[in-house]
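# Observations on chain architecture
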Amino acid sequence: MLIEELAEMKREKDSVLNERVPPLKLTDLSVSELQDLCKDLHKKIDIVDEARYDLQIKVERNDLEVKSLGHKITEMKGIKKPLLKRVKKSAADSMLGAVADTGKVKADFTSGLKKVKKEEEKEEVTDWRKNVDAMSGMEGRKKLFDGRKLTKTANIVPGAFLHLKGETQNCNHPKSKISASRRLFLKTKLVKKAMAMLEAENEQKANEKESTLNERLPPLMLSGLSVQDLQNLCKELHQRMDVVDEERYDIAMKVSKSNAEIENLTMKIIELKGKKRPQLKRVRVSAEAMMGALLGAKVKESVDFKANLKTVKKEEEKKEEVTDWHGGSAFLSTHTTAARLLGRTCNNTRKAPAAGQSFRMSKYKVLVMRHGEGAWTKENRFCSWVDQRLSEDGVREALACGHLLREAGFQLDVVFTSLLSRSIHTAWLLLEAMGQEWVPVVKSWRLNERHYGALIGLNRAEMALNHGEERVKQWRRSYDLTPPPIDESHPYFLEIYNDRRYSTCDVAKEHLPRSESLKDVLERLQPYWDGTIVPEIKRGKLVLISGHGNSCRALLKHLEGISDADIVNVTLPTGTPILIELDENFRPTKPMQLLGDQEAIQAAIRKVEDQGKVKQVS
Ligand SMILES: O=C(O)[C@H](O)COP(=O)(O)O
């Protein structure tokens, strides 16, 4: 069986590679044709080599993550930890890890292992497997409980990581001597410093990449070459392309394998965590502080996410009074459009009821949200169907969103996601933060991000520089403009279409899109909405859709009746739930609400819009 599988894999690889690098035909080619062929091959090698380089980096990152998750599982199972070596992480990453002071986020990193290890040794006293015999009855349980409490407190004191300007907090002290605002100030400073270091590191990495790639493939020198020389050069380049492409293929396979492994390990961790809740308060402060620092907003010393949530809740209650849909004039004056809610000024095409017409009752509620920030957002590249994971901020956003929904008392019955990890992880983290992990998560490619075709992987700011900001805006936001399709020479083609997940779809792989306009997205999404999601809502279930920027835009367009022209001005922030209330005919009864701190939401929208500008506004 295994042999058969291996042979099948080999056959598939050969056929893919042969298709990508067809045999050379050199006979009868003139000098200029041979020169063009050389240039073409050289360019292809350049593209494939860059993809190979990126994939290799990904393999290394994934390997680290697999190790880190493996250690975490070992810790969670209460097995004595193996002697851990420090995993090499960038300074900025470690700082960010340290600032993210939930045990959860930090535990994914191996920085500070020595400290954790010392604490772990104390675990021997509290490990129930070893101590439950020795400690019988309630007495034993009490000791066990006290012991756990102590160890836990020691582990989560964030000051253990802070050594800024000589200010040190001893993690053995049960209570911090630094005031909350001071701690927040220090954290913000750390984040800013970490961001600056991260930028410097990224620049260094980009330089390294450029010089490595240039070294591996020096520029072509064609002048003065005879037909014979050119033919030889073509052969050489062709052979080289073959080698580079095969290596790229193998590395891509490794990436898929390690992605699957990471997914499994993450699942395992979530299972092992069981009902354990995250440290709510710490996430709140941290998320707010991070957001303030990352958005460059002035961080108020008194920031308290919980307080904000409460305020938002109160404000929402107030809004509810004003937007009471039983009262006609109130409805007319406050029935804002999706676009206005998203900070825009266009008009809704759905009219408020005319005088004398009755106002509709809300029968159903549905929550729609764009996943937390993805890893490629930081690099400002079109990600689309490439399966990037959440960034650290994305993880924080998903957790914060879960806390917000939990505070607001939402009880979910089913969550729908795309087939892409960033949307699935958002759902998992959100459910975990809500303490509703048992809720089913249903996945479909029909909720995938819009397929950006040949634009996938390209940097938006560079595209704006080369093609103009207006063109990039059209590509990103217009209703019916389809970007050029992806083809097999595209560096991410195989990674996408060879992925096993796309063999599970309700359409054959060859009929999956190669590029999509928003209109196309709505066309593939609507049958799923009508046939799968709506029936669940009709059964009285509270549904949350953890989708993508454009799959959610398509859905909102449909539900809110936003016109083709107005949808251009609708941009969704990451990690922000949108509450939609519908009547029995699935028409909205009131303006949709973006839940959370409205100022932060507007800033997050602007941040997404600015990605399409030549100069990034931080
Ligand atoms: O595909 C992507 O990269 C994003 O999820 C959406 O990108 P956009 O904001 O450029 O549409």
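Residues numbered from 1 in each chain as written. Predicted model: local features only at pLDDT ≥ 70, side-chain atom pairs only at ≥ 80, totals over all residues. Heavy atoms only, no water.

### Considering the packing of helix α15 (residues 392-407) against helix α16 (residues 421-434)
Where α15 contacts α16, the two axes come as close as 7 Å, and the packing angle between them is 40°. Between α15 and α16, the angle falls in the class oblique. Note that α15 runs across α16; the crossing there is right-handed. Note on element contacts: α16 touches α15 through T426, L429, L430, A433 and M434, opposite V395, A398, L399, C401, G402, H403, L405 and R406. Grouping the constituent residues of the contact of α15 with α16 by class yields nine nonpolar, three polar and one charged. (Axes fitted to C-alpha atoms, helices over the stretch in contact; angles between N-to-C directions. Helix = DSSP H or I, 4+ residues; strand = E, 2+ residues; numbered from the N terminus. Parallel < 35°, antiparallel > 145°, perpendicular 65-115°, else oblique. Left-handed = near helix turned anticlockwise from the far one by under 90°. Contact = heavy atoms within 4.5 Å. Nonpolar A, V, L, I, M, F, W, Y, C, P; charged D, E, K, R; others polar.)

### As for the site of the ligand
As a matter of local geometry, the ligand sits amid R370, R381, F382, C383, S384, E449, Y452, R460, R476, R477 and N550. A distance of 2.7 Å separates an oxygen atom of the ligand from a polar backbone atom of C383. A distance of 2.8 Å separates an oxygen atom of the ligand from a polar atom in the backbone of S384. For the ligand, whose free accessible area comes to 320 Å², the fraction covered by protein is 96%. (Near = heavy atom within 4 Å. Polar contact = N/O pair within 3.5 Å; in protein donor to acceptor, adjacent residues only side chain to side chain. Areas by Shrake-Rupley, 256 points an atom, 1.4 Å probe, with all protein chains shown as cover.)

### Let's talk about the pattern of salt bridges
Taken as a whole and judged by the stated rule, the model has 25 salt bridges. Residue E373 pairs with K607 through a salt bridge whose shortest N-O separation is 3.4 Å. Here E373 is found in the loop between β3 (364-370) and α14 (375-379), whereas its partner K607 is found in helix α22 (residues 598-610), with 234 residues between them in sequence. One salt bridge in this structure joins R381 and E379, with 3.2 Å as the shortest N-O distance. By sharing partners, the salt bridges in this structure join E373, K378, E392, D393, R396 and K607 into a single network. (Salt bridge = Lys/Arg side-chain N within 4 Å of Asp/Glu carboxyl O.)

### With respect to helix α8 (residues 180-216)
Taking 1.5 Å of rise per residue, 37 residues should cover 54 Å, and α8 covers 52 Å from first to last C-alpha, within 8% of that figure. For α8, the complete set of buried residues consists of R183, L184, L186, K187, T188, L190, V191, A194, L198, E201, K209 and L213. (Expected span 1.5 Å × (residues − 1). Buried < 20%, exposed > 50% of the residue type's maximum accessible area, 1.4 Å probe, protein only.)

### Structural notes on the side chain of E449
The topology assignment puts E449 in the loop between β5 (441-443) and α17 (460-467). It turns out E449 is buried and unbridged, and the closest side chain with the opposite charge, R370, is 5.0 Å from it. Polar contacts involving the side chain of E449 include one to the main-chain amide nitrogen of N550, which spans 3.1 Å. Setting aside chain neighbours within four positions, we find E449 in contact with S384, W385, L420, R422, E516, R524, H548, G549, N550 and S551. (Lys, Arg positive; Asp, Glu negative; His and termini not counted.)

### Considering helix α21 (residues 549-560)
An ideal rise of 1.5 Å per residue puts 16 Å on 12 residues; α21 measures up with 16 Å between its terminal C-alpha atoms. Counting buried positions over the 12 residues of α21 gives 11, a clear majority of the element.

### Concerning the pairing of strand β6 (residues 543-547)
Summarising burial for β6: five of the five residues are buried, a large majority. Of the two faces of β6, the one holding V543, I545 and G547 and the one holding L544 and S546 are both buried throughout. In the sheet, β3 pairs with β6 via five bridges, with the strands oriented parallel. In the sheet register, V368 faces β6, and the bridge partner there is I545. Strand direction decides the pairing type here: strand β4 (residues 414-417) and β6, joined by four bridges, are parallel. Residue V414 lies in a different strand from β6, and its bridge partner there is V543. (Pairing = 2+ DSSP bridges.)

### Some details on the packing of aromatic side chains
Summed over all chains, the structure comprises eight aromatic pairs. With centroids separated by 5.4 Å and ring planes inclined at 85°, the aromatic side chains of W376 and Y492 adopt a geometry described as edge-to-face. Pair noted here: W376 is in helix α14 and Y492 is in the loop between α18 (469-477) and α19 (493-497), with a separation of 116 residues, a long-range link. Residue W376 shares its accessibility class with Y492, and that shared class is buried. Residues F382 and Y452 carry aromatic rings whose centres are separated by 4.6 Å and whose planes lie at 50° to one another, so their mutual orientation is tilted. Here F382, found in the loop between α14 and α15, pairs with Y452, found in the loop between β5 and α17; they are 70 residues apart in sequence, far enough to count as distant. According to the relative accessible area criterion, F382 is buried, its value standing at 0%. Each residue in the set Y364, W529 and F586 is aromatic and connected to the rest through ring pairs, giving one cluster. Over the aromatic face of Y479 sits the side chain of K557, whose NZ or CZ is 4.3 Å from the ring centroid. (Phe/Tyr/Trp six-rings, centres within 6.5 Å; stacked < 30°, edge-to-face > 60°. Lys NZ or Arg CZ within 6 Å of the ring centre and 35° of its normal.)

### Quick look at the sheet that holds β4
Read across the open sheet, the six strands follow the order β5-β4-β6-β3-β7-β8; overall the sheet is mixed. Bordering the open sheet on either side are β5 and β8 (593-594), each of which pairs with just one other strand.

### Focus on the nonpolar core
Counting residues in each nonpolar core, the largest one holds 35 residues, and the members touching the most others are W529, I545 and I580. Residue assignment for this core shows that the elements contributing at least two residues are β3, β4, α20 (518-538), β6, α21, β7 (577-582) and α22. When residues of this core are assigned to their parent elements, the largest contribution, nine residues, is made by α20. Ranked by size, the runner-up nonpolar core spans 27 residues in total, among them W376, Y452, L455 and A464. (Core = buried A, V, L, I, M, F, W, Y, C linked by side-chain atoms within 4.5 Å.)

### A closer look at the pairing of β7
Summarising burial for β7: six of the six residues are buried, a large majority. On β7, burial covers both faces: P577, L579 and E581 on one face and I578, I580 and L582 on the other are all buried. Bridge analysis of β3 against β7 gives six bridges, and the strand direction is antiparallel. Along β7, the bridge assignment pairs K365 with E581. One ladder, built from two bridges, connects β7 with β8; its direction is antiparallel. Its bridge partner lying in β8, I578 is registered against L594.

### Concerning the confidence of the model for the chain
In regions of low pLDDT, the predicted coordinates are not meant to be interpreted in detail. Of all residues in the chain, 69% have pLDDT values of 70 or greater, and the mean over the chain is 75. Overall, residues 275-341 carries pLDDT values under 50, and its contacts beyond four positions in sequence, including any with other chains, amount to 119 contacts. Note that pLDDT drops below 50 for residues 343-358; the model gives that stretch 30 contacts with residues more than four away or on any other chain. Predicted complex metrics record ipTM = 0.97 and pTM = 0.50. (pLDDT = per-residue confidence, 0-100.)

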